[in-house]
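Results of the structural survey
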Amino acid sequence: MHLGVCYYPEHWPEDWWADDARRMAEMGISRVRIGEFAWSRIEPEPGRFDWGWLDRAIDTLARHGLDVILCTPTATPPKWLVDAMPDMIALDVAGQPRRFGSRRHYCFSHRGYRREAARITAEIAERYGAHPAVIAWQTDNEYGCHDTALSYSAAAATEFRHWLARHHTDIDTLNRAWGNVFWSMEYRSFAEIGLPNLTVTEPNPAHVLDFQRFASDEVVAFNRAQVEILRARSPGRDIVHNFMGFFTQFDHHAVSRDLDVAGWDSYPLGFLEQFWFPVADKLRYARTGHPDIAAFHHDLYRGCSNGRWWVMEQQPGPVNWAGFNPAPLPGMVRLWTLEAMAHGAELVSYFRWRQAPFGQEQMHTGLLRPNCSDDVGAQEVGGVAAEIARLATAGAAPQPVALVFSYAADWVFGTQPQGRSVRYLELAFAMYSALRQLGFDIDIVAPDADLSGYALVVVPSLPMIDAATVDRLAALACPVLLGPRTGSKTADFAIPAILPPGPLQAHLPLRIVRVESLRDGLVHPGDGFVVSRWLEHVETALPAEISLDDGRGIVFAKGNLRYLAAWPDAALLARLFTTMAADAGLAVTPLPADLRLRRAGDRVFAFNFGPDPIDLGLWLPGAAARDYLLGGADLPPAGVSVWTTQ
Ligand code: GAL
């Protein structure tokens, strides 16, 4: 595994560059990502290029033995371009322009901007495509960041109408598919259709979902245009994009099909603070991150591009963008790095080399402080580089469990949540977390992935599941869990004529006759668990495998398939997965809340995310006696232990 860093030579005096490069190399860093926000320095005026500084920056890095990951600068179109093409600006859902003055102000659908993005990509690829130090390209930066995947601009409206005309045979078909007879929403032509925002009350969910599908396709096309240019002008180089955490506004599986490597930006403390976690977790893991946050994304993005994935940005200290920005516990930068290694990363690249004393992110730490002295991150990177060299390669993990992740499922839940706390991503994460607490290694895979090698398959939900997918799941030799709302909608966002779970009924004879969402505190107890948020009323002749205290069944099984008709808590998930593991002949290793394991080849990695030391001997047989490659049986907070299974 390589270590890397995100570097902005354009932010620093040129006479600092050589020293920076020397220190990077000394620290064990071998790859440097540059250029993603440098358009105004590369092309200060339309058609006038200033390559000199970038030539010298790349050569300086190369002279110190550093490889370069060069980025296309399309996330930050410069002022002159925006002024020349004002309608390239994205509009938010409230119709407000996303004005120049920060970044990501472009609309994915603006064809003029697409041409400009292609032009600057071609210029950069032409100049550096054959440079021996340039070993990889990153397209743009964090598609969708700052809520920018969906734009409600005139350009988006035009392209959306074209998309609709391609996806629906004619306007009558569209009217029927969307159910536009409801509230007199019928259109006479595609030209009459607008965007699903600024309506009096909620827009038609079928309209919303088609717009989401369209917006996702626009991101795929925007990225593909750059990839094609880079492949032609810079053959043999890896192409990567840096995806985000807990972000579902476009189909990352689809974008990744055009990439060589899926990258992602790992900010465990920022994500814990920003997302749905209960306050108790936000406090307990404030300085370590929830034990499953980084791992969930490692496994998700590993599944996006055939196993090749990089951490493009790793949190090095306090960030600037969450509600609260605490410092990681000493040792966490090391832990996150080794954790990525355990999950099979080829690269961990820290964001950023040196804290900038100016601009929006001046409160965001780097490995170095603004005065060039080492910050805590730099010290940890130096140490972990030696440990990585000692561990050499981690090896591939066995793959007992697959969790099927669907971006489209997230869009369906989001389009019609039916209850404020009913969120697909959270359900998928809860299932992932429960599996990890039983000690499993998990692959997170796309709905069309080959599932035949797995011992256990978990499908948090697939609301628009089709008959072929149901047959494929029923034909597997292993137990499969299907979560709530599976089969609850047709592809056109209607309730199936035979009622949910739609095509699943062919193998699991049950019908969902009513669903209800539950506010916080309104819960239904069962034996050792409670159901909250969401409950389905089931009619079936099948006996319930698990019921609520009031006698209503919530888990039903037939053959290898199991259906969960409620929102589970951790106890219910542990019980379900333990039963399924027993069916599959898989051993479970129940772990305490703060401990996680990850196997990689014949290595086992253990990580402590909690505030207290963990005695591995209490949880893992033989732990006290074995030899450790790193650490030992006493795992301190932020500690990592590694051993071999032989
Ligand atoms: C990422 C982004 C970087 C930087 C970083 C700060 O989302 O890609 O450019 O803003 O966050 O944590």
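These numbers come from a predicted model, not from an experiment.

The rules we used
Counting restarts for each chain: residues are numbered from 1 in the order of the written sequence. Restriction of local features to residues with pLDDT of at least 70 applies here, the model being predicted, together with a cutoff of 80 or more for giving and counting side-chain atom pairs; totals for whole chains, interfaces and linings are based on all residues. For side-chain calculations, the full set of non-hydrogen atoms in the structure is used, while hydrogens and water are omitted. The domain boundaries here were taken from an automatic or database domain assignment. Here, residues are in contact when the closest pair of their heavy atoms is within 4.5 Å. Buried area adds together the accessible area that both of two parts lose upon being put together, with accessible area traced by a 1.4 Å probe. Definition used for salt bridges: Asp or Glu carboxyl oxygen within 4 Å of a side-chain nitrogen of Lys or Arg. In the scheme used here, Gly and all other residues not listed as nonpolar or charged are polar, with Ala, Val, Leu, Ile, Met, Phe, Trp, Tyr, Cys and Pro taken as nonpolar and Asp, Glu, Lys and Arg as charged. Only protein chains enter the accessibility calculation, which uses a 1.4 Å probe; a residue is then buried when its area is under 20% of its type maximum, exposed when over 50%, and partly exposed in between. Per the convention used, a helix needs a DSSP run of H or I reaching at least four residues, while a strand needs a run of E reaching at least two, with both numbered from the N terminus. Strands are treated as partners if at least two bridges between them are detected by DSSP. Lines fitted to the C-alpha atoms define the axes, with helices restricted to the stretch that makes contact. Angles between their N-to-C directions range from 0 to 180 degrees. In these notes, a set of buried Ala, Val, Leu, Ile, Met, Phe, Trp, Tyr and Cys residues joined through side-chain atoms within 4.5 Å is what counts as a nonpolar core. Ring pairs are drawn from Phe, Tyr and Trp, using the six-membered ring of Trp, whenever the two centres fall within 6.5 Å, and their geometry is named by plane angle: stacked under 30 degrees, edge-to-face over 60, tilted for the rest. By the criterion adopted, a ring carries a charge over it if an Arg CZ or a Lys NZ lies within 6 Å of its centre and within 35 degrees of its normal. Under this scheme an angle from 65 to 115 degrees is roughly perpendicular, one under 35 degrees roughly parallel, and one over 145 degrees roughly antiparallel; angles in between are oblique. Each helix crossing is assigned a hand: it is left-handed if the near helix lies turned anticlockwise from the far helix by less than a right angle, otherwise right-handed if that turn is clockwise. By convention in this text, a residue qualifies as near a molecule or strand provided that one of its non-hydrogen atoms is within 4 Å of it. Between N or O atoms, a polar contact is any pair within 3.5 Å; within protein, one atom must be a potential hydrogen donor and the other a potential acceptor, and residues adjacent in sequence are included only when both atoms are from side chains. A 1.4 Å probe and the Shrake-Rupley method give the accessible areas. Residues count as covered only by the protein chains that appear here. Multiplying 1.5 Å by the helix residue count minus one yields the expected span of that helix. Any residue with relative accessible area above 30% and no salt bridge may belong to a patch, with like charges joined within 9 Å and the nonpolar Val, Leu, Ile, Met, Phe, Trp and Tyr side chains within 5 Å. Disulfides are defined as cysteine sulfur pairs within 2.5 Å.

1. Overview of the domain arrangement of the chain
By the assigned domains, the chain splits into domain 1 (2–149 + 219–391), domain 2 (156–206), domain 3 (401–584) and domain 4 (596–644). With seven residues of domain 1 at the contact, the number on the domain 2 side is four residues. Taken together, the two surfaces of domain 1 and domain 2 that pack against each other cover about 370 Å², and 57% of this comes from carbon and sulfur. On the domain 1 side of the contact with domain 2, V93, S109 and R111 bury the most area, a combined 71% of that side's loss. Linking domain 1 to domain 2 there are one salt bridge. Taking the shortest distance from any N to any O, the salt bridge between R111 and E159 comes out at 3.0 Å. Split into classes, the residues belonging to the side of domain 1 that touches domain 2 amount to three nonpolar, two polar and two charged.

2. Some remarks on the pairing of strand β20 (residues 595–600)
The element β20 is extensively covered by neighbouring structure, given that five of its six residues are classed as buried. Counting the residues that bridge the hairpin from β20 to strand β21 (residues 603–608) gives two residues, and of these G601 lies at a positive phi of roughly 60 degrees.

3. Details of the environment of A62
With respect to the secondary-structure elements, A62 resides in helix α3 (residues 52–63). Classification of A62 by relative accessible area gives partly exposed; the value is 29%. Distance from A62 to F577, taken between C-alpha atoms, is 51 Å for residues 515 residues apart in sequence.

4. Some thoughts on the sheet that holds β20
Pairing within the open sheet is antiparallel, and its three strands lie in the order β20-β21-β24. Each having just a single partner strand, β20 and β24 (640–644) make up the two edges of the open sheet. Each neighbouring strand pair of the sheet contributes to a mean axis angle of 20 degrees, computed without reference to strand direction. Of the strand pairs in this sheet, β20 and β21 are connected by six bridges, and their pairing is antiparallel. What sits directly across from R596, in β21, is F607. The strands touched by helix α13 (residues 332–342) are β20, β21 and β24; relative to β21, the strand with the most contacts, the crossing angle is about 145 degrees.

5. As for the nonpolar core
Of all hydrophobic cores here, the largest spans 171 residues; its most connected members are I29, L367, I554 and F577. For this core, the leading source of residues is helix α8 (residues 205–233), giving ten residues. Sequence-distant contacts of F577, defined by excluding residues within four places in its chain, comprise M431, A434, L435, L438, L456, V458 and L481. In this structure, L482, L504, I512 and F556 belong to the second largest nonpolar core, which totals 25 residues.

6. A closer look at the packing of aromatic side chains
For the coordinates displayed, the defined rule picks out 51 aromatic pairs. Each ring, one from F296 and one from F405, has its centre 6.2 Å from the other, and the planes form 75 degrees; the classification is edge-to-face. Linking F296 in helix α12 (residues 293–302) with F405 in the loop between β9 (401–404) and α15 (407–415), this pair joins segments that are 109 residues apart in sequence. Neither F296 nor F405 differs from the other in exposure class; each is buried. Over the face of the ring belonging to W12 we find R354, whose NZ or CZ atom lies 4.1 Å from the ring centre. Over the ring of F413 we find R485; its NZ or CZ atom is 4.9 Å from the centre of that ring.

7. Side note on the pattern of salt bridges
Think of it this way: side chains of opposite charge can pair up when their charged atoms draw near. Under the definition given, this model contains 42 salt bridges. Of the charged contacts, one joins R22 and E26 as a salt bridge, the two residues approaching to 2.8 Å between their closest N and O atoms. Of this pair, R22 and E26 both sit in helix α1 (residues 17–27), four residues apart, roughly one helical turn. Here R598 and D441 are joined by a salt bridge, their closest N and O atoms 4.0 Å apart.

8. Concerning the packing of helix α5 (residues 111–128) against α8
Packed helices, taken two at a time, are described by their axes: the angle between them and the distance between them. Relative to each other, α5 and α8 sit at 25 degrees, their axes nearing to 9 Å. As the angle between them shows, α5 and α8 are arranged roughly parallel. Helix-helix and strand crossings are classified by hand; for α5 and α8 the assignment is right-handed. The segment α5 lies against α8, with R111, Y113, R114, A117, A118, T121, A122, A125 and E126 engaging E218, A221, F222, Q226, I229, L230 and R233.

9. Points about the site of the ligand
If you check the shell around the ligand, you find F37, R103, N141, E142, D265, Y267, E313, W321, F351, E361 and H364 and nothing else. In this structure, Y267 approaches the ligand through a side-chain N or O atom, which is 3.4 Å from an oxygen atom. Between the ligand and E313, the relevant distance is 2.8 Å, taken from an oxygen atom to a side-chain nitrogen or oxygen of the residue. Bound to the protein, the ligand loses 95% of the 310 Å² it would expose on its own. Grouping the constituent residues of the shell around the ligand by class yields four nonpolar, two polar and five charged.

10. Focus: α5
Between its first and last C-alpha atoms α5 spans 26 Å; for 18 residues at 1.5 Å apiece the expected length is 26 Å, and the two agree. Taken as a whole, α5 has its buried residues at G112, Y113, R114, E116, A117, I120, T121, A122, I124, A125 and Y128. Where the residues of α5 are buried, they touch α2 (39–42), α3, β3 (67–71), α4 (79–84), β4 (134–138) and α8.

11. Regarding a nonpolar patch on the surface
A cluster of nonpolar residues, V181, F182 and W183, forms a patch on the protein surface that exposes about 400 Å² of accessible area. Relative to the helices and strands, V181 is located in the loop between α7 (171–178) and α8.

12. A short note on the sheet that holds strand β17 (residues 553–558)
Read across the open sheet, the seven strands follow the order β10-β9-β11-β12-β18-β17-β16; overall the sheet is mixed. Each end of this open sheet is capped by a strand with a single partner; those strands are β10 (442–445) and β16 (544–547). The mean inter-strand angle of the sheet, taken between neighbouring strand axes irrespective of direction, is 20 degrees. Sheet topology note: the β9/strand β11 (residues 456–459) ladder contains three bridges and is parallel. Across the sheet, residue L403 finds its bridge partner in β11, namely V458.

13. Concerning the packing of α8 against α15
Two elements in contact, α8 and α15, have axes whose closest approach is 10 Å; the angle formed by their N-to-C orientations is 145 degrees. Crossing handedness for the pair α8 and α15: right-handed. Residues P205, V208, L209, Q212, R213 and S216 of α8 form the contact with α15, whose own contacting residues are W411, V412 and T415. Among the residues forming the contact of α8 with α15, the class breakdown is five nonpolar, three polar and one charged.

14. Structural notes on helix α16 (residues 424–437)
Helix length check: α16 (14 residues) gives 20 Å between terminal C-alpha atoms against 20 Å at 1.5 Å per residue, within 8%. With respect to burial, α16 is a largely interior element, twelve of its 14 residues being buried. Within α16, burial applies to Y424, L425, E426, L427, A428, F429, M431, Y432, S433, A434, L435 and R436.

15. Structural notes on the state of the cysteines
All chains considered together, the criterion is met by zero disulfides. C6 takes part in no disulfide bond, and the closest cysteine sulfur to it belongs to C71, at a distance of 7.8 Å. Note on C6: relative accessible area 0%, which makes it buried.

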